[in-house]
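Chain by chain, the residues run as shown.
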Amino acid sequence: MSALSKSIANLDLNASSSDTVRALRECGCALLLPQQLQKACAVQLTELDALRSSWDQLPRDTYLLDGGRYRFRRHSCFVHELQGDSLQLVPHRAHWQPRDYNALHGGLERWFEPIETAVLDASAWSGLVRALGNLFAAVRTVPRWYVEAHQFRIDSAEGIGRPTPEGAHRDGVDYVAVILVKRSDVSGGETRVFDAQGPAGVRFTMTEPWTALLLDDAQVVHETTPIQKAGPQGVRDTLVLTFRADSFQAP
């Protein structure tokens, strides 16, 4: 079994933050179950649950170049100063990626509606983002993180919904956290993580809210397979946080 596979297969509810840091260093990937996320980030799952209704208010993503209408999204950006552990919302800006990292939407300035103030003002929100930033800083020492936060809803009402229409990819950042917020009445949605330099990989499906996949963007590529409706609702909600040391990505 590869080190990448072991980081997913050997889940231990008693694992410490140092175990997570070691997994990120050794194979670029760590999976935290909800109880582990709660412990690592010192935030209560009930407090995070209070934010879930905001995913019902996401505007439709109008930039999908595959012609789909299945994605809803909000986006905001922050600077996390590690000295002092402060998180500062920055003026609203476009989300941009180079084509090297996103063959489908790279090179586009995509302006999404910002994350709602009620979410950003919640202590659970800032606690989660800062705690993850501190965890990643334990892997790589930096003075600050440039953080982009994306609320996603993938809807299967019109057939198939694609969480990653660009396919297996890297994001052009240092670290990524993909956190499942809700999964209701869908099939599919298998997460796949592969070594960026070789054939090793692992596949699994996140089903429990507040399960978190942490990635070293230089070491691995990732994707999530399409979802299909399997009941009345048919949605998959996630929070994706990216952490970059140098600056925000921009044209």
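My aim in this report is to walk through the structure given alongside it, one point at a time. (Residues numbered from 1 in each chain as written. Predicted model: local features only at pLDDT ≥ 70, side-chain atom pairs only at ≥ 80, totals over all residues. Heavy atoms only, no water.)

1. Brief notes about the packing of helix α2 (residues 17-27) against helix α6 (residues 123-139)
As a packed pair, α2 and α6 sit with axes 9 Å apart at the nearest point and diverge in direction by 55°. When the interaxial angle is binned, α2 and α6 end up oblique. Here α2 runs over α6; the crossing is right-handed. Only Leu135, Phe136, Ala138 and Val139 of α6 make contact with α2, whose side of the interface consists of Thr20, Val21, Leu24 and Arg25. A class-by-class count of the residues in the contact of α2 with α6 yields 6 nonpolar, 1 polar and 1 charged. (Axes fitted to C-alpha atoms, helices over the stretch in contact; angles between N-to-C directions. Helix = DSSP H or I, 4+ residues; strand = E, 2+ residues; numbered from the N terminus. Parallel < 35°, antiparallel > 145°, perpendicular 65-115°, else oblique. Left-handed = near helix turned anticlockwise from the far one by under 90°. Contact = heavy atoms within 4.5 Å. Nonpolar A, V, L, I, M, F, W, Y, C, P; charged D, E, K, R; others polar.)

2. Regarding the environment of Arg60
Its location among the elements puts Arg60 in the loop between α4 (45-49) and β2 (71-81). Sequence-distant contacts of Arg60, that is, excluding residues within four places in its chain, are made with Arg69, Tyr70, Arg71 and Phe72. In this structure the side chain of Arg60 is engaged in a polar contact, spanning 2.3 Å, whose partner is the backbone oxygen of Arg69. (Polar contact = N/O pair within 3.5 Å; in protein donor to acceptor, adjacent residues only side chain to side chain.)

3. Topic: the nonpolar core
Core analysis: the largest hydrophobic core is formed by 45 residues, its most contacted members being Leu37, Trp125, Leu132, Trp145 and Leu241. Setting aside residues up to four positions removed in sequence, Leu241 forms contacts with Trp125, Val129, Leu132, Glu148, Ala149, Tyr175, Val176, Ala177 and Ile179. (Core = buried A, V, L, I, M, F, W, Y, C linked by side-chain atoms within 4.5 Å. Buried < 20%, exposed > 50% of the residue type's maximum accessible area, 1.4 Å probe, protein only.)

4. Description of the packing of aromatic side chains
A complete count under the given rule lists 7 aromatic pairs for this structure. With a centroid separation of 5.4 Å and 75° between ring planes, the pair formed by Tyr63 and Phe112 is classed as edge-to-face. Of this pair, Tyr63 sits in the loop between α4 and β2 while Phe112 sits in the loop between β3 (86-89) and α5 (117-120), and the two are 49 residues apart along the sequence. On the basis of relative accessible area, Tyr63 is assigned to the partly exposed category, the value being 25%. On the basis of an interplanar angle of 80° and a centroid distance of 5.2 Å, the ring pair of Tyr146 and Phe248 is categorised as edge-to-face. In this pair, Tyr146 sits in strand β4 (residues 144-155) while Phe248 sits in the segment after β13 (235-244), placing the two residues 102 residues apart along the sequence. This pair shows no difference in class: Tyr146 is buried, exactly as Phe248 is. (Phe/Tyr/Trp six-rings, centres within 6.5 Å; stacked < 30°, edge-to-face > 60°.)

5. With respect to empty space enclosed by the protein
With the rule as written, the count across this model stands at 1 cavity of 30 Å³ or more. Its volume calculated, the largest cavity comes out at about 400 Å³. Taken together, 29 residues line the largest cavity, and the ones lying closest to its centre are Phe152, Thr164, Glu166, His169 and Val240. If you list the elements that add at least two residues to the lining of the largest cavity, you get β2, β4, β11 (220-224) and β13. Here the residues of the lining of the largest cavity are counted per class, giving 8 nonpolar, 13 polar and 8 charged. (1 Å grid on protein atoms, 1.4 Å probe; cavity = no way out; pocket = protein on both sides within 12 Å on 5 of 7 lines; lining within 4 Å. Points joined across faces, edges and corners; volume = space filled by probe spheres on them.)

6. Some words on the sheet that holds strand β10 (residues 212-216)
What the 7 strands build is an open sheet, ordered β1-β10-β6-β13-β4-β2-β3; its pairing is antiparallel. Looking at strand neighbours, the two that pair on one side only are β1 (29-32) and β3, the edges of this open sheet. The average angle at which neighbouring strand axes cross in this sheet is 20°, direction not considered. With 11 bridges joining them, β2 and β4 adopt antiparallel strand pairing. Across the sheet, residue His75 finds its bridge partner in β4, namely His150. Seen against the sheet, α2 touches β1 and β10 and runs at an angle of roughly 150° to β1. Across the face of the sheet, α6 comes into contact with β2, β3, β4, β6 (175-184), β10 and β13 while running at roughly 50° to β13. (Pairing = 2+ DSSP bridges.)

7. Observations concerning α6
Along its 17 residues, α6 runs 25 Å from first to last C-alpha, staying within 8% of the 24 Å computed at 1.5 Å per residue. Burial runs high along α6: 13 of the 17 residues are buried. (Expected span 1.5 Å × (residues − 1).)

8. Observations regarding the sheet that holds strand β8 (residues 191-195)
Read from one edge to the other, the open sheet built from 3 strands follows the order β9-β8-β11, with strand pairing classed as antiparallel. One side of each edge strand has no neighbouring strand; the edge strands of this open sheet are β9 (201-204) and β11. This sheet shows a mean twist of 10° between the axes of neighbouring strands, independent of strand direction. The pairing of β8 with β11 spans 5 bridges and is antiparallel. Residue Phe194 lies in a different strand from β11, and its bridge partner there is Val221.

9. Section: the side chain of Asp171
Here Asp171 shows up in the loop between β5 (160-161) and β6. In this structure, Asp171 is buried with no salt-bridge partner, the nearest side chain bearing the opposite charge being Arg73 at 7.8 Å. A distance of 3.4 Å separates polar atoms of two side chains, one belonging to Asp171 and the other to His169. (Lys, Arg positive; Asp, Glu negative; His and termini not counted. Salt bridge = Lys/Arg side-chain N within 4 Å of Asp/Glu carboxyl O.)

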